[in-house]
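# Coordinate inspection notes
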Amino acid sequence: MEKRKDNAYNLDLQSQIQILQEVLFENEVLREVLNRSSSLEVESYYVGAGCITQTVWNYLSGNQLNYGIQDIDFVYFDKVDLSYANEDKIVKKAYRLFADIPLKIDVKNQARVHLWYKKHFRYEIKPYSSLEDAINSWPTTATSIGVRLDARGNLIVYAPFGLNDLFGKFVRANKVQITKEIYEQKVFRWLSIWPDLKIIPWG
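Below you will find a few notes about this structure. (Residues numbered from 1 in each chain as written. Predicted model: local features only at pLDDT ≥ 70, side-chain atom pairs only at ≥ 80, totals over all residues. Heavy atoms only, no water.)

### Regarding the packing of helix α1 (residues 13-26) against helix α2 (residues 28-36)
The cut-off we apply is this: Where helices are involved, their axes are fitted lines through C-alpha atoms of the stretch in contact, as for all axes, and angles between N-to-C directions lie from 0 to 180°. Numbering of helices and strands starts at the N terminus; helices are DSSP runs of H or I of at least 4 residues and strands are runs of E of at least 2. For this classification, under 35 degrees means roughly parallel, over 145 means roughly antiparallel, 65 to 115 means roughly perpendicular, and everything else is oblique. Residue contacts are defined here by distance: any two heavy atoms, one from each residue, within 4.5 Å place the two residues in contact.
Viewed as axis vectors pointing N to C, α1 and α2 meet at an angle of 105°, and their least axial separation amounts to 5 Å. Viewed along their axes, α1 and α2 adopt a mutual orientation that is roughly perpendicular. Listed contacts from α2 to Leu-24, Phe-25 and Glu-26 of α1 are Glu-28, Leu-30, Arg-31, Leu-34 and Asn-35.

What follows is the structure, encoded as structure tokens:
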């Protein structure tokens, strides 16, 4: 795959968002997910994290755009009903909507993450106050990103740490919630797939 000649690193944010949309739309799988997501009729949602960041890394490295991507994260926020059953309804609806998508769709209500987090990661977290609050805590600055399309097909981006680390291929810990052990495990896996990443040690 031919890499683009222009580099979005250190450009103004609006130019970066425009380039990000162009890159994401070259990934046919992500483009389909973004285009269909509004059909789930979930008021507050983003497609985010690794699938966005790693699509950009692949683009910049000249890889196939889905290379190394394990799943597509679809996150939403519903604090009215925190039951597993309610979340499962959205999960099953998403599975039907994206049945032909070749990557796993990982659907999570971020309002109920605190209910299962300790069992999975061995330490407790406070409930998130919003979907953006959840993204603020995601493990690295480059993967703390959520996107969706507005009614006109333009990309809406929530990236609390900006887009420079994403386009610069910097891996930097967001220490709000992640542990050093989990961060270093991620770094180890990512370097085996994208060896040209610029790793910022935990420090």
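On we go from here.
### Structural notes on the side chain of Thr-143
Where we set the bar: When accessible area is computed with a 1.4 Å probe and restricted to protein chains, residues below 20% of their type maximum are described as buried, those above 50% as exposed, and intermediate ones as partly exposed. Polar contact is the term for a pair of N or O atoms within 3.5 Å; when the atoms are in protein, one must be able to donate a hydrogen and the other to accept it, and sequence-neighboring residues count only if both atoms are side-chain atoms.
As for its placement among the helices and strands, Thr-143 is situated in the loop between α6 (131-135) and β4 (146-149). Using a relative accessible area of 5% as the deciding quantity, one classes Thr-143 as buried. For Thr-143, the side chain forms a polar contact with the side chain of Thr-140, separated by 2.6 Å. Apart from the residues within four sequence positions on either side, Thr-143 is in contact with Ala-49, Thr-53, Trp-138 and Trp-190.

### Some thoughts on unusual backbone geometry
For Asn-10, which is not glycine, the phi torsion reads 70° and is therefore positive. Tracing the backbone shows Asn-10 in the segment before α1. Despite not being glycine, Glu-41 has its phi angle at roughly 55°, a positive value. Looking at where Glu-41 falls in the secondary structure, it is placed in the loop between α2 and β1 (45-48).

### Digging into the sheet that holds β4
Cut-off, in case you're wondering: Two strands pair under a simple rule: DSSP has to find at least two bridges between them.
On the basis of which strands lie adjacent, the open sheet formed by five strands has the order β3-β2-β1-β4-β5 and mixed pairing. Because the sheet does not close on itself, it has two edges, and the strands there are β3 (104-109) and β5 (155-158). The sheet shows a mean angle of 30° between the axes of neighbouring strands, taken without regard to direction. Pairing of β4 with β5, which is carried by four bridges, proceeds in the antiparallel orientation. Residue pairing in the sheet places Leu-149 in a bridge with Leu-155 of β5. α1 contacts β4 and β5 of the sheet and is inclined by roughly 110° relative to β5. Packed onto the sheet, helix α3 (residues 50-61) meets β1, β2 (71-76) and β4 and runs at close to 40° relative to β1.

### Things to note about helix α4 (residues 84-97)
Selection criterion: Expected span, for any helix, means 1.5 Å times one less than how many residues it has.
Under the 1.5 Å per step criterion, the end-to-end length of α4 is 20 Å for 14 residues, consistent within 8% with the ideal 20 Å. Every buried residue of α4 is listed here: Asn-86, Glu-87, Asp-88, Ile-90, Val-91 and Ala-94. Residues of α4 that are buried sit in contact with β2 and β3.

### So, the pairing of β4
Looking at chain direction, β1 and β4 are connected through two bridges and run antiparallel. What sits directly across from Val-47, in β4, is Val-147. Between the antiparallel neighbours β4 and β5 lie five residues, among them Gly-153 with a positive phi of about 85°.

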